[in-house]
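Structure at a glance
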Amino acid sequence: MSESSTSNRSENRPSGGASGEQSGGRGEPARRGPGGGPAGSRGRTTIADGVVQKIAGMAARDVVGVHAMGGGMARTFGAVRDRVPGGGQSSSVTRGVKAEVGEVQTALDLEIVIDYGVSISDVARSVRENVVSAVERMTGLEVVEVNIAVSDVRLPDEEDDDEDDQDRPRLQ
């Protein structure tokens, strides 16, 4: 990720966090406990990079036209790792995804393989929209950038390394 985007991620927000202080709902004041502040604002929530990577990886894979995630070597090692008992399904979810998570913002780098015949710009836009929506909805973090690198195009006559990807539903 670029140096200029890194400085954007350390921006401080009001103490209410990404969502601000919430009322109790329906016009009721926020409940205050013995400590004096709203119960929802006591303490801190941190989100690991891996959590954001999994969310982004799942959201990117749901887009029609995305054949796989990661570069050639990452996919090769991932395919071997997935066949080993205990190799971890979660590693395939985060393959091709890198996240930098701050207190209130995150930035993502995705490496994808596109199906032949689809518009790369349309797929990239759909991936960006789906990833931003999923990450912001699930984490409350502001997504400041989603960089997408198209590392390969899967031709129709090529053997499929990811047989399990064919049966999964995709967004259009």
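Everything discussed here concerns the structure shown above.
This structure is a prediction, so every number in the text was calculated from the model and none was measured.

Some words on the pattern of salt bridges
- The tally for this structure, following the rule as stated, stands at two salt bridges.
- Across the salt bridge formed by glutamate 100 and lysine 98, the nearest N and O atoms sit 3.4 Å from each other.
- Between aspartate 122 and arginine 125 there is a salt bridge whose closest N-O contact spans 2.6 Å. Of the two residues, aspartate 122 and arginine 125 are both situated in helix 5 (residues 120-139); the distance of three residues between them amounts to about one turn of the helix.
- The class of aspartate 122 is partly exposed, set by a relative accessible area of 37%.
- Its relative accessible area of 43% is what places arginine 125 among the partly exposed residues.

Some words on helix 5
- Look at helix 5: 28 Å from first C-alpha to last across 20 residues, which is about the 28 Å you get at 1.5 Å a residue.
- When we look at burial in helix 5, the residues that qualify are Val123, Ala124, Val127, Asn130, Val131, Ala134, Val135 and Thr139. What you see down the axis of helix 5 is that its buried residues fit within an arc of 135 degrees, all on one side. In helix 5, those exposed residues whose orientation departs by more than 90 degrees from the buried face are Glu129 and Arg137.

Here we look at the nonpolar core
- Formed by 24 residues in total, the largest nonpolar core has its most connected members in Leu108, Leu110, Val127, Val131 and Val135.
- Those elements giving two or more residues to this core turn out to be helix 2 (49-61), strand 1 (66-69), strand 2 (97-101), strand 3 (105-115), helix 5 and strand 4 (142-154).
- For this core, the element with the highest residue contribution is helix 5, accounting for six residues.
- Once you skip the residues sitting within four places of it in the chain, valine 135 turns out to touch Val52, Ile55, Ala56, Thr106, Leu108, Gly140 and Val143.

Comments concerning the environment of leucine 141
- Within the secondary structure, leucine 141 sits in the loop between helix 5 and strand 4.
- A relative accessible area of 6% means that leucine 141 is categorised as buried.
- Look past the residues within four positions of leucine 141 in its chain and what remains in contact with it is Ile47, Val52, Val101, Gly102, Glu103, Val104, Gln105, Thr106 and Glu136.

Comments concerning the environment of glutamate 111
- Locating glutamate 111 in the fold gives a position in strand 3.
- Overall, the relative accessible area of 30% leaves glutamate 111 in the partly exposed class.
- C-alpha separation for the pair glutamate 111 and arginine 95, spaced 16 residues apart in sequence, amounts to 8.4 Å.
- Leave out the neighbours within four places in its chain, and glutamate 111 touches Met69, Gly70, Gly71, Gly96, Ala149 and Ser151.
- There is a polar contact of 3.4 Å between the side chain of glutamate 111 and the backbone nitrogen of glycine 71.
- Polar side-chain contacts of glutamate 111 include one of 3.5 Å to the side chain of serine 151.

Cut-offs and rules
Numbers given to residues run from 1 along each chain, matching the order in which its sequence is written. Two thresholds apply to this predicted model, a pLDDT of at least 70 for residue-level local features and 80 or more for giving and counting side-chain atom pairs, whereas whole-chain, interface and lining totals are computed over all residues. Only hydrogens and water are removed before side-chain values are computed, so all heavy atoms of the structure are retained for them. Any Lys or Arg side-chain nitrogen found within 4 Å of a carboxyl oxygen on Asp or Glu counts as a salt bridge. Each helix is a run of H or I in the DSSP string that is no shorter than four residues. Each strand is a run of E no shorter than two, and both are numbered from the N terminus. Accessible area is worked out with a 1.4 Å probe on protein chains only. A residue is then buried under 20% of its type maximum, exposed over 50%, and partly exposed in between. One less than the number of residues in a helix, times 1.5 Å, gives the span that helix is expected to have. Comment: arc refers to directions from the helix axis out to C-beta atoms. Nonpolar core, defined: a set of buried Ala, Val, Leu, Ile, Met, Phe, Trp, Tyr and Cys residues in which side-chain atoms within 4.5 Å join the residues together. Pairs of residues are marked as contacts when any of their non-hydrogen atoms sit within 4.5 Å. Each polar contact in these results corresponds to two N or O atoms within 3.5 Å; when the atoms are within protein, one needs to be able to donate a hydrogen and the other to accept it, and residues that are neighboring in sequence are counted only if both atoms are side-chain atoms.

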